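If you want the building blocks of each chain, they are given just below.
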Amino acid sequence: MSAPTAGEGAASPAKRVPALIVTHADLAQALVRAAERVVGTIEDVTLLSNEGLSRSDLEDAIETCVRDWREGGLLLTDFWGGSCHTCGSAAARRHGEVVIVTGINLPLLLDYLHNRDRFSAPELAERLQQKGRDSIRVQRGVPA
Amino acid sequence: MSWALHRIDDRLIHGQVLVAWGARLDPARIWVVDDGVAASEWERDLFKEAAPGIDVRVASVAEAAAAHAEEAGAPRAAFLLVRDLATALRLVDAGAEVQEWNLGGLHYAPGKEKVNDYVYLDEHDRESAKALLSAGARLVVQDVPASRPQPLGALDPAFAQ
């Protein structure tokens, strides 16, 4: 993990922005396993799958995870319009500082991990949206 | 064209509907038929925003029943989603003509018995299902287009002929 070093950033360091990753099947676990291969052991990230859950049960499960976030946090979900997103949106509605970012990918997750101690939840969400988009690139065959 | 899918699914709009059925049937409109959602401004907004590029219409059972026949003649495909069998039956009782219901997701809750991995029913559900069958509708269990459609009667002994 790369934590901010002493003296970096503002005088009063931001609190760590917590994250809950909600996905289909075991994508959340797989993403975190993959991220751990890159940055080492990851702490303070909560994982949830929608597997077998009705809308109301998924909403309740998400709410249980985010209700103790006193200063906000991020809900990272796999795609816009899926149950992970819409149930998250319903749960987040009752917790004003929860910001949702859909379309999680590995570069987005890594950027979260590198920057979660440096920004507020809304700032980090904007950053991750851009990072996730920028990470998708096409490389055509390189001429010999 | 219009009605391409009448689906009973407690998640209403979600990934299987948008990505799997959506790619197969290319709906221009999705009707979310639910009295609770229709009565809640933020829930209406939640579903309307859930499907970019698709016209999501949130309606009460009464509103949907009244609009059902006209929508059937509209251009392009439309989906109709309800969250449970009881709502499907209320819609039919209110005058909507539906030949086939897709049972796509009725997840576990206390008191419900497993029919397959994504359909769990209790006595109340079975009474509604029987009434729908008596009215002449087919009840087809199929979560996504790639999986095999099966009549509810083939999976649940309670409906064995």
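Here is what the cut-offs are and how they apply
Residues numbered from 1 in each chain as written. Chains lettered and ligands numbered in written order. Predicted model: local features only at pLDDT ≥ 70, side-chain atom pairs only at ≥ 80, totals over all residues. Helix = DSSP H or I, 4+ residues; strand = E, 2+ residues; numbered from the N terminus. Rg over C-alpha atoms; globule rule 2.2 N^0.38 Å. Buried ≥ 20, exposed ≤ 12 C-beta atoms within 10 Å, placed from the backbone. Contact = placed C-beta atoms within 7 Å. Expected span 1.5 Å × (residues − 1). Arc of directions from axis to C-beta. Core = buried A, V, L, I, M, F, W, Y, C linked by C-beta atoms within 7 Å. Pairing = 2+ DSSP bridges. Axes fitted to C-alpha atoms, helices over the stretch in contact; angles between N-to-C directions. Nonpolar A, V, L, I, M, F, W, Y, C, P; charged D, E, K, R; others polar. pLDDT = per-residue confidence, 0-100. Right-handed = clockwise from strand over helix to strand, strands pointing away. Left-handed = near helix turned anticlockwise from the far one by under 90°.

Some remarks on the overall build of chain B
Argument step 1. Each helix and strand counted, chain B has 7 helices and 9 strands in total.
Argument step 2. Relative to its length of 161 residues, chain B is compact, with a C-alpha radius of gyration of 15 Å against a globular reference of 15 Å.
Argument step 3. Of all 161 residues assigned to chain B, the portion counted as buried reaches 45%.
Argument step 4. Pairs at least 24 apart in sequence give 69% of the contacts found in chain B among residues at least 6 apart.

Here we look at helix H2 (residues 55–66) of chain A
Residue and element names in this part refer to chain A.
Argument step 1. Counted at 1.5 Å a residue, the expected span for H2 with its 12 residues is 16 Å, and the 17 Å between its end C-alpha atoms agrees.
Argument step 2. Restricting attention to buried positions, one finds in H2 the residues Arg55, Leu58, Glu59, Ile62, Cys65 and Val66. The buried residues of H2 all sit within an arc of 125° when viewed along its axis, so they share a single face.
Argument step 3. Considering only its buried residues, H2 is in contact with strand E1 (19–23), strand E2 (45–49), strand E3 (73–77), helix H3 (83–92) and strand E4 (98–102).

Comments concerning the nonpolar core
Argument step 1. With 48 residues, the main nonpolar core has Ile13(B), Trp31(B), Val32(B), Val33(B) and Leu81(B) as its most contacted residues.
Argument step 2. Contact partners of Val32(B), with chain neighbours within four places excluded, come to Leu12(B), Ile13(B), Val37(B), Phe47(B), Val56(B), Val58(B) and Leu81(B).

Some points on the sheet that holds E3(A)
Residue and element names in this part refer to chain A.
Argument step 1. The strand order across the open sheet formed by 4 strands is E2-E1-E3-E4, and the pairing between neighbours is parallel. In this open sheet, the two strands that pair with only one neighbour each are E2 and E4. Direction aside, neighbouring strands of the sheet carry axes that sit 20° apart on average.
Argument step 2. Across the sheet, helix H1 (residues 27–39) touches E1 and E2, and the angle it forms with E2 is around 145°.
Argument step 3. With respect to the sheet, helix H5 (residues 121–134) is in contact with E3 and E4, its orientation differing from that of E4 by roughly 5°.

Concerning the interface of chain A and chain B
Argument step 1. Taken together, the contact between chain A and chain B spans 14 residues of the former and 14 residues of the latter.
Argument step 2. For the side of chain A that touches chain B, the secondary-structure elements that each account for two or more residues are H2 and H3 of chain A.
Argument step 3. A total of 4 residues in the side of chain A that touches chain B trace back to one element, the largest contributor, which is H3(A).
Argument step 4. Residues belonging to the side of chain A that touches chain B are distributed by class as follows: 3 nonpolar, 8 polar and 3 charged.

Considering the confidence of the model for chain B
Argument step 1. The predicted model of chain B averages 96 in pLDDT, with 99% of residues at 70 or higher.
Argument step 2. Interface confidence for the predicted complex, given as ipTM, is 0.86, next to a pTM of 0.88.

Some remarks on the sheet that holds strand E8 (residues 138–141) of chain B
Residues and elements named next belong to chain B.
Argument step 1. Pairing in this open sheet of 7 strands is mixed, and the strands run E3-E2-E4-E1-E5-E8-E9 from one edge to the other. Each edge of the sheet is formed by a strand with only one pairing partner; in this case those strands are strand E3 (55–59) and strand E9 (150–151).
Argument step 2. Where strand E5 (residues 100–105) meets E8, 4 bridges bridge the pair, whose relative direction is parallel. Looking at the pairing, Glu100 lines up with Arg138 of E8.
Argument step 3. Sitting on the sheet, helix H3 (residues 41–48) is in contact with strand E2 (27–33) and E3, with an inclination near 155° to E3.
Argument step 4. Relative to the sheet, helix H5 (residues 85–93) contacts strand E1 (2–9), E2, strand E4 (77–82) and E5, its axis offset from that of E4 by approximately 120°.

A closer look at helix H6 (residues 123–134) of chain B
Argument step 1. The end-to-end C-alpha distance of H6(B) is 16 Å, a good match for the 16 Å that 12 residues give at a rise of 1.5 Å each.
Argument step 2. Where H6(B) ends, the next residue or the one after it, Gly136(B), has phi of about 100°, a positive value.

Considerations on the pairing of E3(A)
Residue and element names in this part refer to chain A.
Argument step 1. Among the 5 residues in E3, 5 count as buried, and that is most of the element.
Argument step 2. Bridge count for E1 against E3 is 4 bridges, and the pairing is parallel. Looking at the pairing, Val22 lines up with Thr77 of E3.
Argument step 3. Strand direction decides the pairing type here: E3 and E4, joined by 5 bridges, are parallel. Paired with Leu75 across the bridge in E4 is Ile100.
Argument step 4. Since E3 and E4 lie parallel, the crossover through H3 that links them has a hand, and here it is right-handed.

Notes on the environment of Val66(A)
Residue and element names in this part refer to chain A.
Argument step 1. Here Val66 shows up in helix H2.
Argument step 2. Linking Val66 and Val39, residues 27 residues apart in sequence, is a C-alpha distance of 25 Å.
Argument step 3. Residue contacts for Val66: discarding those within four places in its chain leaves Leu20, Gly73, Leu75, Ala91, Ala92, His95 and Val98.

Some details on the packing of H5(B) against H6(B)
All names here are of chain B.
Argument step 1. Two numbers describe how H5 lies on H6: the axes approach to 8 Å, and their chain directions differ by 35°. Handedness of the crossing formed by H5 with H6: left-handed. Residues Leu85, Ala86, Ala88, Leu89 and Val92 of H5 form the contact with H6, whose own contacting residues are His124, Asp125, Ser128, Ala129, Ala131 and Leu132.
Argument step 2. Residue classes in the contact of H5 with H6 are distributed as 8 nonpolar, 2 polar and 1 charged.

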